[in-house]
Amino acid sequence: MKIKKRGKTLFTPFNFFTKSEKAEILVENIIFILLNIIFISILIFFLFKQSSGAALLEQTYSKQIALMIDSAKPVMEIKLNMEKMQNIAEKNKVDFKEVVSITGNAVNVKLSQKTGYEYSFFNDVEAKAFPETDSENEYTGIYVFTINEKK
Amino acid sequence: MKKNNKMIIKNKLGAEKIISIYWFAILIIIAGAVVAMVSLFYGTPYDVRDAEANILINKVSNCLSENGKLNKELFNEDKKFNENYNLKEKCNLIFETEFENERGEYFLEADFYDLNDGPSGVSSGVKVFSISEGNSNLYADCKIENEKYNKLSRCVDREFYSLDSSNNIFKIKITSVVRKTEKNVK
């Protein structure tokens with residue numbers, strides 16, 4: 001079946017729309033696909049952002065360091081790779097040497113100016129934390145923990 | 001025929017609009033679900049109390065017994081258990097935490113069972129000595145075994161065997177309780 005309009009074929013079972021309508025459908029589909037891609041990208045970005053968030057890392061590292069000190073015995077020196085933390089701290093304009101602090105029997109990890117997470121340990125030792133530096137006095141991304149007996 | 005064609009096209013456009021509205025509704029529902037799940041997953045704090053309680057037991061067992069022999073300080077001069085043995089001081093423990101709970105977030109108990117043969121030739125296995133430190137109120141939480149009560153303290157108990165200076169066998173059961181619910185449970 002063919003329907004003709006001013007000499008042009010309007011539609012056949014295989015050719016339903018005119019040229020302008022075809023273009024419209026193509027643009028609509030492209031916009032639709034683009035919107036879907038944007039939507040999925042935002043979701044993936046949100047997931048990555050959540051999993052590498054400062055608050056989550058602060059909690060993870062403070063608990064990990066507290067458990068590490070609990071398991072340690074005097075005299076010990078423990079090195080912990082914290083390159084990931086260094087990058088986040090630099091982004092948030094926090095000096096790497098201020099990221100981990102130990103006051104009394106509590107470990108405090110701070111990755112941004114406003115936040116911070118504290119967790120206590122039960123091992124009654126003198127624990128100190130400081131970042132390792134290379135010969136050019138630059139941070140290597142490693143934190144050193146020293147465990148000594150209390151004086 | 002023309003009218004019919006126009007109606008078909010109009011209906012198709014209308015249907016497409018309805019589909020796009022449904023599609024956006026579905027996208028919003030999916031986005032909402034993903035955000036809710038991620039927030040729930042990452043919002044829940046890591047529960048490290050089990051690890052903490054196990055480390056506490058390791059530390060205390062190393063302090064009570066060394067190379068399979070019970071610490072000499074556990075006994076008096078007359079070879080009886082020393083009632084004044086200070087677990088916290090001898091094992092280098094500090095139970096003060098950042099929480100405001102004055103009673104303490106930890107409880108520790110070490111029970112000593114005599115496994116030596118009695119006069120009848122059978123081991124009695126009687127508890128002969130017990131020392132504890134910390135907030136004893138937390139011990140009650142260990143009796144409740146239900147997943148619904150995960151906001152209560154976490155209890156771990158382990159046992160080991162050791163000898164005294166006269167080669168008498170003892171079973172030592174250490175129970176360690178850690179509360180710290182504020183930082184480990186949502």
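All figures in this text were calculated on a predicted structure; none of them were measured in a lab. Position numbers for residues start from 1 in each chain and track the written sequence from start to end. Whichever chain is written first becomes A and whichever ligand is written first becomes 1, with later ones labelled in order. Restriction of local features to residues with pLDDT of at least 70 applies here, the model being predicted, together with a cutoff of 80 or more for giving and counting side-chain atom pairs; totals for whole chains, interfaces and linings are based on all residues.

Visitor: Explanation requested: the overall build of chain B in the structure shown.
Guide: Helix and strand definitions follow DSSP, with helices as H or I runs of at least four residues and strands as E runs of at least two, each counted in order from the N terminus. Looking only at helices and strands, one finds 5 helices and 6 strands in chain B. Reading chain B from its N terminus to its C terminus gives the helix and strand order α-α-β-β-α-β-β-α-β-β-α. Residues with at least 20 neighbouring C-beta atoms inside 10 Å of their own are called buried, those with 12 or fewer are called exposed, and the rest are partly exposed, where every C-beta is derived from the backbone. Looking at chain B as a whole, 21% of its 186 residues are labelled buried. Two residues form a contact once the distance between their C-beta atoms, set from the backbone, is within 7 Å. The long-range fraction of contacts in chain B, counting pairs at least 24 apart against all pairs at least 6 apart in sequence, stands at 62%.

Visitor: Could you clarify how one ought to interpret the interface of chain A and chain B in this entry?
Guide: Size of an interface, as often reported, equals the accessible area lost when the parts are brought together. Facing 23 residues of chain A, the contacting portion of chain B comprises 22 residues. Taken together, the elements giving at least two residues each to the side of chain A that touches chain B come down to helix 1 (19–51), helix 2 (54–71) and strand 6 (117–120) of chain A. Here the side of chain A that touches chain B gets 7 residues from one element, more than from any other, and that element is helix 2 of chain A. Split by residue class, the side of chain A that touches chain B holds 11 nonpolar, 8 polar and 4 charged. Residues are grouped as follows: Ala, Val, Leu, Ile, Met, Phe, Trp, Tyr, Cys and Pro are nonpolar; Asp, Glu, Lys and Arg are charged; all remaining types, including Gly, are polar.

Visitor: For this particular structure, what's the right way to read the packing of helix 2 of chain A against helix 2 (residues 49–64) of chain B?
Guide: Helix-helix packing is described using two parameters, namely the angle between the two axes and the distance between the axes. Inter-axis angles, ranging from 0 to 180 degrees, are taken between N-to-C directions of lines fitted to C-alpha atoms, where helices are fitted over the stretch in contact. One can describe the packing of helix 2 of chain A onto helix 2 of chain B by two numbers: an axis separation of 9 Å at closest approach and a directional angle of 10°. Compared by their axis directions, helix 2 of chain A and helix 2 of chain B come out roughly parallel. Contacts between helix 2 of chain A and helix 2 of chain B involve A:Leu67, A:Asp70 and A:Ser71 from the first element and B:Ala51, B:Glu52 and B:Ile55 from the second. Residues belonging to the contact of helix 2 of chain A with helix 2 of chain B are distributed by class as follows: 3 nonpolar, 1 polar and 2 charged. Between 65 and 115 degrees an angle is taken as roughly perpendicular, under 35 as roughly parallel, over 145 as roughly antiparallel, and anywhere else as oblique.

Visitor: Is there a simple way to think about the nonpolar core in this case?
Guide: Nonpolar side chains in soluble globular proteins generally cluster together in the buried interior. Note on terminology: a nonpolar core is a set of buried residues of type Ala, Val, Leu, Ile, Met, Phe, Trp, Tyr or Cys, with members joined through C-beta atoms within 7 Å. Within the largest apolar cluster, 48 residues are counted, with the highest numbers of intra-cluster contacts made by A:Val99, A:Leu111 and B:Val60. It is helix 2 of chain A that provides the largest number of residues to this core, a total of 7 residues. If sequence neighbours within four positions are ignored, A:Val99 has contacts with A:Met85, A:Ala89, A:Val94, A:Val109, A:Lys110 and A:Leu111.

Visitor: So what exactly am I meant to see when it comes to the pairing of strand 3 (residues 106–114) of chain B here?
Guide: For a regular strand, side-chain orientation follows a simple rule: the groups alternate between the two sheet faces. Residues and elements named next belong to chain B. In this description, strands pair whenever DSSP reports at least two bridges between them. Where strand 3 meets strand 6 (residues 169–178), 9 bridges bridge the pair, whose relative direction is antiparallel. Paired with alanine 110 across the two strands is isoleucine 174, which belongs to strand 6. Where strand 3 meets strand 4 (residues 126–134), 8 bridges bridge the pair, whose relative direction is antiparallel. Paired with alanine 110 across the two strands is isoleucine 131, which belongs to strand 4.

Visitor: When you look at helix 2 of chain B in this model, what are you seeing that I'm missing?
Guide: For an α-helix, 3.6 residues make a turn, and residues three or four places apart therefore share a direction. Between its first and last C-alpha, helix 2 of chain B extends 22 Å over 16 residues, near the 22 Å set by a 1.5 Å rise per residue. Among the residues of helix 2 of chain B, B:Arg49, B:Glu52, B:Ala53, B:Ile55, B:Leu56, B:Ile57, B:Lys59, B:Val60 and B:Leu64 are the ones counted as buried. Expected helix span is given by 1.5 Å per residue-to-residue step, counting one fewer step than there are residues.

Visitor: Looking at this structure, how should I read the sheet that holds strand 8 (residues 139–148) of chain A?
Guide: Each strand in a sheet pairs with its neighbour through backbone hydrogen bonds, running either in the same direction (parallel) or in the opposite one (antiparallel). Residue and element names in this part refer to chain A. Spatially, the 3 strands line up as an open sheet ordered 3-8-7, and their pairing is antiparallel. Looking at which strands have only one partner, the edges of the open sheet turn out to be strand 3 (76–81) and strand 7 (126–133). The sheet shows a mean angle of 25° between the axes of neighbouring strands, taken without regard to direction. Examined bridge by bridge, strand 3 and strand 8 share 6 bridges and lie antiparallel to one another. Across the sheet, the residue bridging to isoleucine 78 is phenylalanine 145, located in strand 8.

Visitor: Got a minute to help me understand the sheet that holds strand 4 (residues 100–103) of chain A in this structure?
Guide: All names here are of chain A. Within the open sheet, the 3 strands sit side by side as 4-5-6. Their pairing is antiparallel. In the strand order of this sheet, the two ends are held by strand 4 and strand 6, each with one partner. Put simply, the sheet's adjacent strands are angled 20° from each other on average, direction ignored. Sheet topology note: the strand 4/strand 5 (residues 106–109) ladder contains 4 bridges and is antiparallel. Within the sheet, the bridge partner assigned to threonine 103 lies in strand 5 and is alanine 106. Lying on the sheet, helix 2 is in contact with strand 4, strand 5 and strand 6; it crosses strand 6 at an angle near 20°.

Visitor: Explanation requested: the environment of B:Lys171 in the structure shown.
Guide: Residue and element names in this part refer to chain B. For lysine 171, the location among the structural elements is in strand 6. Each C-alpha atom, one on lysine 171 and one on glutamate 159, is 6.9 Å from the other, the two residues being 12 residues apart in sequence. Sequence-distant contacts of lysine 171, defined by excluding residues within four places in its chain, comprise Tyr113, Leu115, Glu159 and Tyr161.

Visitor: Explain the confidence of the model for chain B to me, please; I cannot follow it from the model alone.
Guide: Any residue range with low pLDDT should be treated as having predicted coordinates unsuitable for detailed reading. Residues and elements named next belong to chain B. A residue's pLDDT is simply how confident the predictor is in it, with values from 0 to 100. When the pLDDT values of chain B are averaged, the result is 83; 80% of them are 70 or greater. Least confident of the elements in chain B is helix 1 (residues 2–43), whose mean pLDDT is 74; most confident is helix 2, at 94. Confidence metrics for the complex model read pTM 0.78 and ipTM 0.79.

Visitor: Would you take a moment to explain the environment of A:Phe130 for this structure?
Guide: Residues and elements named next belong to chain A. The residue phenylalanine 130 is located in strand 7 in this model. Along the chain, phenylalanine 130 and isoleucine 102 lie 28 residues apart, while their C-alpha atoms are 9.8 Å from each other. Setting aside anything within four residues of it in sequence, one finds phenylalanine 130 in contact with Lys97 and Val144.

Visitor: Just to check I follow, could you spell out the environment of A:Phe145 for this structure?
Guide: The topology assignment puts A:Phe145 in strand 8. In this view, A:Phe145 contacts A:Met68, A:Ile69, A:Ile78, A:Leu80, A:Ala127 and A:Ala129; residues no more than four positions away in its chain are not counted.

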